[in-house]
Amino acid sequence: MSNTLKNLTLKVWRQSGPQANGAFETHVIDEITDEASFLEMIDILNERLIDEGREAVVFDHDCREGICGTCSLMINGQAHGPERGTATCQLHMRKFSSGDTIVIEPWRASAFPIIRDLMVDRSAFDRIVEAGGYITAATGGAPDANLIPVPKPVADAAMDAAQCIGCGACVAACPNGAANLFTAAKITHLNLLPQGQAERFKRTEDMVETMDAHFGSCTNHGECEAACPKEISIDVIALMNADYRKAKTKNRKQLALK
Amino acid sequence: MSTTLDSKIPDGPVGDKWDNFKANEKLVNPANKRKFKIIVVGTGLAGASAAATLAELGYQVDAFTFHDSPRRAHSIAAQGGINAAKNYRGDGDSVHRLFYDTIKGGDFRSREANVHRLAQVSVNIIDQMVAQGVPFAREYGGMLDNRSFGGAQVSRTFYARGQTGQQLLLGAYQQLARQIGIGGVRLFNRTEFVDVVVVDGRCAGIVVRDLMTGEISSHSAHAVVLATGGYGNAFFLSTNAMACNVTAAWRAHKRGAFFANPCYTQIHPTCIPQSDDFQSKLTLMSESLRNDGRVWVPKVAGDSRAPHLIPEDERDYYLERLYPSFGNLAPRDISSRAAKRAVDAGQGVGPKQNGVYLDFAEAISRLGKATVAERYGNLFDMYERITGENPYDVPMRIYPASHYTMGGLWVDYELMTTIPGLYAAGEANFSDHGANRLGASALMQGLADGYFVLPYTISNYLAGWLNKSVPDTSHPEFSKVEHEARDRYHRFASVGGTRSPDWFHRELGKIIWDYCGMERTEAGLEKALGEIPALYEEFKKDLRVTGGTDGLNQTLEKAGRVEDFFELGMLMCRDALDRKESCGGHFRAEYQTEEGEALRDDENFAHVAAWESTGDPMAPQRHVEELVYEEVHFQTRSYK
Ligand SMILES: Cc1cc2nc3c(=O)[nH]c(=O)nc-3n(C[C@H](O)[C@H](O)[C@H](O)COP(=O)(O)OP(=O)(O)OC[C@H]3O[C@@H](n4cnc5c(N)ncnc54)[C@H](O)[C@@H]3O)c2cc1C
Ligand code: SF4
Ligand code: FES
């Protein structure tokens, strides 16, 4: 059954552009039902701002079903807020109480520059995928799908990693701004599958090195796993590291053969 | 009056048409391909697969999306699965059966030749996606698993947990990313298509707005593909992502592309009912839940007892009762209307009495909680996050919501619109689903269009342009269209009224939902055709967009999209009014059987209505494409 929350104080980060100085702006929400989603609360705030002739708070969002990875808010210092395994858009007001003060900020990481207010640029993630986060399979020549049996446990483990929504919470939560969980999730998905073997080591090498060029380095804090809305296990990072080491020796061998 | 639309269907029996096309089409040789520039707008399943494949073939490809990354496209949200006529179960499936089911599911309002081609290439899609590493569900032996879906009696649906769309889109995105990485595709992200440029009767390029800077610019090309998704957000509340809109298709329509069957919209039976007035969207609960969930309402109207206190014999499992052979798997339009009837009759459940139950108690006792959790765990979790109720203990509450649009830009067999050189793919076209789409068939169609149809058909057009000059962006038509686009955004920013774009969208959506939703009547549609233009006038006078036209302004973006929904809304109602029959998702209360089922009029309406813009949104011109059935014969759709 629904309840009404009263007197919420929002401290919202406003910043007019990438180079501008930002600051918190305070708004009070007098009343809201706890059935509302967190982003619906921001919608209401924005309607009010427009009503007052002011500019709406800029924030990224789209599917509002926790799958597109667009929403990206730091809520009271936690990436995606207090509920475990939940993206910002799936967070509902029933997780808050009357009288709460809620601090809302953008992802903060040097690889994710702020565009405006709560919106950041996460295209460095795309660069990592472009470097090797795929299996080369040109359209047309694929063999019958059942010619490549994949044991169920392997398919399941690949799927566990493939669930990553590319939101960047792992980076935002990491004290070093590292993208290891994101990168390792993709590498694990592809490297576990039989189809992914041909490019396994080259993929790993190219992706890891592109990651290192954009992001900070991992020092095993584990904050990423705790923040991840898909609860991707930090084990994937161990797998990536192992494959990266092998990639280095494999490539040396290949060079020696030439 | 009516011009004849040339659908360019190839010769031969329906099963041979696609092969005949491929045998006779004009090709562009590999060395010449790089002389051609193709623009692909939209990077969902249809757009990403098209852009990647065209680049692999050697064309120069520029891809545009308003998202920050191609991976965000709305295709990502598809849950249930993708159909293919693989017959891996040996349960009697075949290309012909998938073809037949799709024609029948579409209530005999789709083009036979297109649907047959779709069924043929469906098998290649699964091969392609598996080769790319899509982690489809497997059996213990390592072979691919299947599930059944509404509207079919075979198990032909491939799935990746409840995240099939995500995994397919990531597959297509990765293939696109590879092309971006090696320079085959240039990607323009956070860039919105705002208009198409037509020179000498041919599509010469597009005009776009950089969402970060507000800059308007032109891009020329030999051919343009719009793969910009559906218009289900016309209803405001829908299962679509917030940014889904009709702008690309609508702008093309205003420049001469015919818009087909706008009244064919699909209302999905299993969504979480609305809980409050400022709700921003509705969430779909995958149709696959109907494999194990049982739909019911209390027999007596107004029964407000908790569900577990209502004894079996006081429950109405109405789908099982009315449609014994399909039961809870009856097609979407039929299930949706049945739910509406129950709620309208006062048997609705939940705090607002606006839902029906989808109950898993029987499945849990038959299969055990663990199996149910394995099949639907993530959906159950999602439901609990949104409603605060746990579906392992309490039945889910569901109600129909706008979900998919079968109507869209009219295209011929080659997926070309009525503007030469302008193509439409995926949900943006009207092509394959007739008046109703079967579950798990949109993903199939988007990937079919992008991977296996467009790459063949587009060369047939381009071959004719080899070594001929086409206008570049210095042509005055580009600056004229750019100018109009700038004026339009300045107009929104300078109205200085009192209401936000969202306010207007919400009000507009209510009108369309009430009169052009699950059930339509002549009087209601006439009423909507009075109310929408009136609200539109208010929009023009009373809109308030804060912030300027330079730089990032989400309120301004929204204003443009809402304006296009206004004009589309009028066309939807006009189309619904003129189609004096009921078929698939278009249910006119005046045309129903005694049992309340849709009553088609094959004599007068076995055609596609393709609308031409006249400049006056209230007076569009209707054209028809007659649908000729050579293989399948009309029958009354029955799922009893
Ligand atoms: C919740 C949900 C579940 C679904 N489940 C299933 C399912 O299980 N099985 C199934 O078969 N189907 C399902 N569908 C339907 C299916 O997902 C869609 O029909 C399909 O994914 C559409 O793909 P698309 O490529 O045509 O468009 P989209 O994926 O919508 O992509 C549109 C693209 O166009 C871009 N775009 C749009 N307008 C512009 C513009 N003006 N300028 C620049 N870029 C633009 C967007 O950025 C995006 O990249 C589901 C739909 C929903 C809503
Ligand atoms: S690993 Fe988790 S937190 Fe990181 S991008 Fe993927 S889903 Fe988001
Ligand atoms: S808006 Fe799509 S994941 Fe949150």
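Note: the structure precedes this text.
Residues numbered from 1 in each chain as written. Chains lettered and ligands numbered in written order. Predicted model: local features only at pLDDT ≥ 70, side-chain atom pairs only at ≥ 80, totals over all residues. Heavy atoms only, no water.

Colleague: How should the overall build of chain B be read in this particular structure?
Modeller: Along its length, chain B carries 17 helices and 19 strands. In terms of overall size, chain B behaves like a compact globule, its C-alpha atoms giving a radius of gyration of 24 Å where 640 residues would be expected to give roughly 26 Å. Taking the principal axes of its C-alpha atoms as reference, chain B extends roughly 75 × 60 × 50 Å. For chain B, with 640 residues in total, the buried portion stands at 66%. Relative to all contacts within chain B whose residues are 6 or more apart in sequence, the contacts with residues 24 or more apart total 74%. Here chain B has roughly 20300 Å² of accessible surface; of this, 49% comes from carbon and sulfur atoms. With 70 positive and 81 negative side-chain charges, chain B shows a separation of 3 Å between the mean positions of the two kinds. (Helix = DSSP H or I, 4+ residues; strand = E, 2+ residues; numbered from the N terminus. Rg over C-alpha atoms; globule rule 2.2 N^0.38 Å. Buried < 20%, exposed > 50% of the residue type's maximum accessible area, 1.4 Å probe, protein only. Contact = heavy atoms within 4.5 Å. Areas by Shrake-Rupley, 256 points an atom, 1.4 Å probe, with all protein chains shown as cover. Lys, Arg positive; Asp, Glu negative; His and termini not counted. Charge placed at Lys NZ, Arg CZ, Asp CG, Glu CD.)

Colleague: What is the right way to look at the nonpolar core in this model?
Modeller: Most often, soluble globular proteins keep nonpolar side chains buried together rather than apart. In this structure, Phe 38 and Met 93 of chain A together with Ile 82, Phe 136 and Ile 458 of chain B are the most contacted members of the largest nonpolar core, which totals 224 residues. The biggest single contributor to this core is helix α16 (residues 554–578) of chain B, with 12 residues. In this structure, Ile 82 of chain B is in contact with Ile 125, Ile 126, Phe 136, Arg 156, Thr 157, Phe 158, Thr 164, Leu 168, Ala 440, Leu 443, Met 444 and Leu 447 of chain B, ignoring residues within four places of it in sequence. (Core = buried A, V, L, I, M, F, W, Y, C linked by side-chain atoms within 4.5 Å.)

Colleague: Please explain the site of ligand 1 as it appears in this structure.
Modeller: All names here are of chain B. Around ligand 1, 35 residues are found, and the nearest of them are Thr 65, His 67, Ser 75, Glu 427 and Leu 443. Between ligand 1 and Thr 65 there is a distance of 2.8 Å, counted from an oxygen atom to a side-chain nitrogen or oxygen. For ligand 1, an oxygen atom lies 2.7 Å from a polar atom in the side chain of His 67. In the complex, 98% of the free accessible area of ligand 1, which totals 1000 Å², lies under the protein chains. Listing elements by their share of the shell around ligand 1, those giving two or more residues are α3 (45–57), β6 (191–199), β15 (396–405) and α12 (442–462). Per-element tally for the shell around ligand 1: the top contributor is β6, with three residues. (Near = heavy atom within 4 Å. Polar contact = N/O pair within 3.5 Å; in protein donor to acceptor, adjacent residues only side chain to side chain.)

Colleague: Which parts of the structure should I look at to understand the sheet that holds strand β9 (residues 223–226) of chain B?
Modeller: What holds strands together in a sheet is hydrogen bonding between their backbones, with the strands either parallel or antiparallel. Residues and elements named next belong to chain B. Strand order in the open sheet formed by five strands is β5-β2-β1-β9-β17, with parallel pairing between adjacent strands. Edge positions in the sheet fall to β5 (185–188) and β17 (422–424), since each has one partner strand and no second. Strand-to-strand, the axes of this sheet are offset by a mean angle of 20 degrees, without reference to chain direction. Sheet topology places strand β1 (residues 37–41) next to strand β2 (residues 60–64); five bridges connect them, and they run parallel. The residue of β2 that forms the bridge with Val 41 is Phe 64. Packed on one face of the sheet, α12 meets β1, β9 and β17 and runs near 150 degrees to β9. (Pairing = 2+ DSSP bridges. Axes fitted to C-alpha atoms, helices over the stretch in contact; angles between N-to-C directions.)

Colleague: I would appreciate a short explanation of the site of ligand 2 in the present structure.
Modeller: All names here are of chain A. Around ligand 2, the neighbouring residues are Phe 125, Cys 164, Ile 165, Gly 166, Cys 167, Gly 168, Ala 169, Cys 170, Leu 181, Phe 182, Cys 228 and Pro 229. Residue assignment for the shell around ligand 2 shows that the elements contributing at least two residues are α4 (169–173) and α5 (180–192). Here the residues of the shell around ligand 2 are counted per class, giving 10 nonpolar, two polar and no charged. (Nonpolar A, V, L, I, M, F, W, Y, C, P; charged D, E, K, R; others polar.)

Colleague: Can you walk me through empty space enclosed by the protein in this structure?
Modeller: Gaps left between atoms are located by rolling a probe of water-molecule size over the structure's atoms. All names here are of chain A. A full pass over the atoms with the stated rule returns 12 cavities of 30 Å³ or more. If you trace the second largest cavity, you find 16 residues lining it, with Cys 174, Cys 218, His 221, Gly 222 and Cys 224 closest to the centre. Tallied by class, the residues present in the lining of the second largest cavity amount to nine nonpolar, six polar and one charged. (1 Å grid on protein atoms, 1.4 Å probe; cavity = no way out; pocket = protein on both sides within 12 Å on 5 of 7 lines; lining within 4 Å. Points joined across faces, edges and corners; volume = space filled by probe spheres on them.)

Colleague: How should the interface of chain A and chain B be read in this particular structure?
Modeller: In many analyses, interface size is given as the accessible surface area lost on bringing the parts together. On the chain B side, the residues contacting the 77 residues of chain A number 77 residues. Of the roughly 6300 Å² buried where chain A meets chain B, counting both sides, 51% is carbon and sulfur surface. In this assembly, chain A and chain B are joined by seven salt bridges. Arg 190 of chain B is the salt-bridge partner of Asp 60 of chain A, the closest N and O atoms lying 3.0 Å from each other. (Buried area = accessible area lost by both parts, 1.4 Å probe. Salt bridge = Lys/Arg side-chain N within 4 Å of Asp/Glu carboxyl O.)

Colleague: Where do I start with the layout of surface pockets in this structure?
Modeller: Estimated volume of the largest pocket: approximately 1000 Å³. In this structure, the largest pocket is lined by 50 residues; those nearest its centre are Asp 43 and His 61 of chain A together with Met 242, Asp 502 and Lys 558 of chain B. With seven residues, the single largest contributor to the lining of the largest pocket is α16 of chain B. For the lining of the largest pocket, the class distribution of residues is 20 nonpolar, 15 polar and 15 charged. Of the pockets and cavities examined, the second largest pocket occupies roughly 680 Å³. If you go around the second largest pocket, you meet 26 residues; those closest to its centre are Leu 237, Gln 274, Tyr 399, Trp 513 and Asp 514 of chain B. Listed by contribution, the elements that provide at least two residues to the lining of the second largest pocket are α9 (332–347), β15 and α14 (501–516) of chain B. With five residues, the top contributor of residues to the lining of the second largest pocket is α14 of chain B. Two domains each provide a minimum of three residues to the lining of the second largest pocket, namely domain 1 (267–402) and domain 2 (476–607) of chain B. (Domains from an automatic or database assignment.)

Colleague: Is there a simple way to explain the packing of helix α4 (residues 95–105) of chain B against helix α5 (residues 112–131) of chain B in this structure?
Modeller: Axes are the key here: two packed helices are described by the angle between their axes and the distance separating the axes. All names here are of chain B. For the pair α4 and α5, the least separation of the axes is 8 Å and the interaxial angle reads 135 degrees. Here α5 runs oblique to α4, going by the angle between their axes. Considering the relative orientation of α4 and α5, their crossing is right-handed. Judged by residue contacts, Val 95, Leu 98, Phe 99, Thr 102 and Ile 103 of α4 engage Glu 112, Val 115, His 116, Ala 119, Gln 120 and Ser 122 from α5. Per-class residue counts for the contact of α4 with α5 are six nonpolar, four polar and one charged. (Parallel < 35°, antiparallel > 145°, perpendicular 65-115°, else oblique. Left-handed = near helix turned anticlockwise from the far one by under 90°.)

Colleague: Looking at this model, I keep getting lost on the sheet that holds strand β19 (residues 621–626) of chain B. Mind explaining?
Modeller: Residue and element names in this part refer to chain B. Ordered in space as β16-β10-β18-β19, the four strands form an open sheet in which the pairing is antiparallel. Each edge of the sheet is formed by a strand with only one pairing partner; in this case those strands are β16 (408–409) and β19. Pairing geometry for strand β10 (residues 259–260) and β16, over two bridges, is antiparallel. Within β16, the position partnered with Ala 260 by the bridge is Gly 408. Against the sheet, α16 makes contact with β10, β18 (607–612) and β19, and its axis sits at roughly 145 degrees relative to β18, the strand it touches most.

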